[in-house]
Amino acid sequence: MKALRLKIHGRVQGVWFRASTLKEADRLHCSGWVRNTSDGDVEVWMQGDEKAMDLLFEWCRHGPPGAHVTGVDVQDVHADGSLEGFDIRC
């Protein structure tokens, strides 16, 4: 199992990025969460099958219509398998 933490920069708040990420993660059967950060970015923590994670990462590089992603910071994190499903966090 693979796990990643992403910090997504650009116009990513107020454009349904979190809800769209949840929908895409559910479609790909990835576990984790998404949340807005106080600096205007979006943070995603995801774990799952490597192929599904790659597809979700690629989706996050552009996001939903209305988003304008200018960059994505990627960090490998320890996958402990404790998360089930995908959530939006505040």
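Scope of this entry: the structure provided in the associated data block.

## Let's talk about the environment of Gly40
Now for step 1: Mapping Gly40 onto the fold places it in the loop between β2 (31-36) and β3 (42-48).
Now for step 2: Here the alpha-carbon distance between Gly40 and Val12, two residues 28 residues apart in the chain, equals 7.4 Å.
Now for step 3: When sequence neighbours within four positions are dropped, the list of residues in contact with Gly40 reads Gly10, Val12 and Gln13.

## As for the nonpolar core
Generally speaking, soluble globular proteins have nonpolar side chains that are buried together.
Now for step 1: Core analysis: the biggest nonpolar cluster contains 22 residues, and Leu6, Ile8, Phe17, Val44, Met46 and Leu56 have the highest contact counts within it.
Now for step 2: Going through the elements one at a time, β1 (2-11), α1 (17-28), β3 and α2 (50-60) are the ones with two or more residues in this core.
Now for step 3: Not counting chain neighbours up to four residues away, the residues in contact with Phe17 comprise Ile8, Val12, Val42, Trp59, Cys60, Gly63, Pro64, Ala67 and Val69.

Reading the values: rules and limits
- Residues numbered from 1 in each chain as written.
- Predicted model: local features only at pLDDT ≥ 70, side-chain atom pairs only at ≥ 80, totals over all residues.
- Heavy atoms only, no water.
- Helix = DSSP H or I, 4+ residues; strand = E, 2+ residues; numbered from the N terminus.
- Contact = heavy atoms within 4.5 Å.
- Core = buried A, V, L, I, M, F, W, Y, C linked by side-chain atoms within 4.5 Å.
- Buried < 20%, exposed > 50% of the residue type's maximum accessible area, 1.4 Å probe, protein only.

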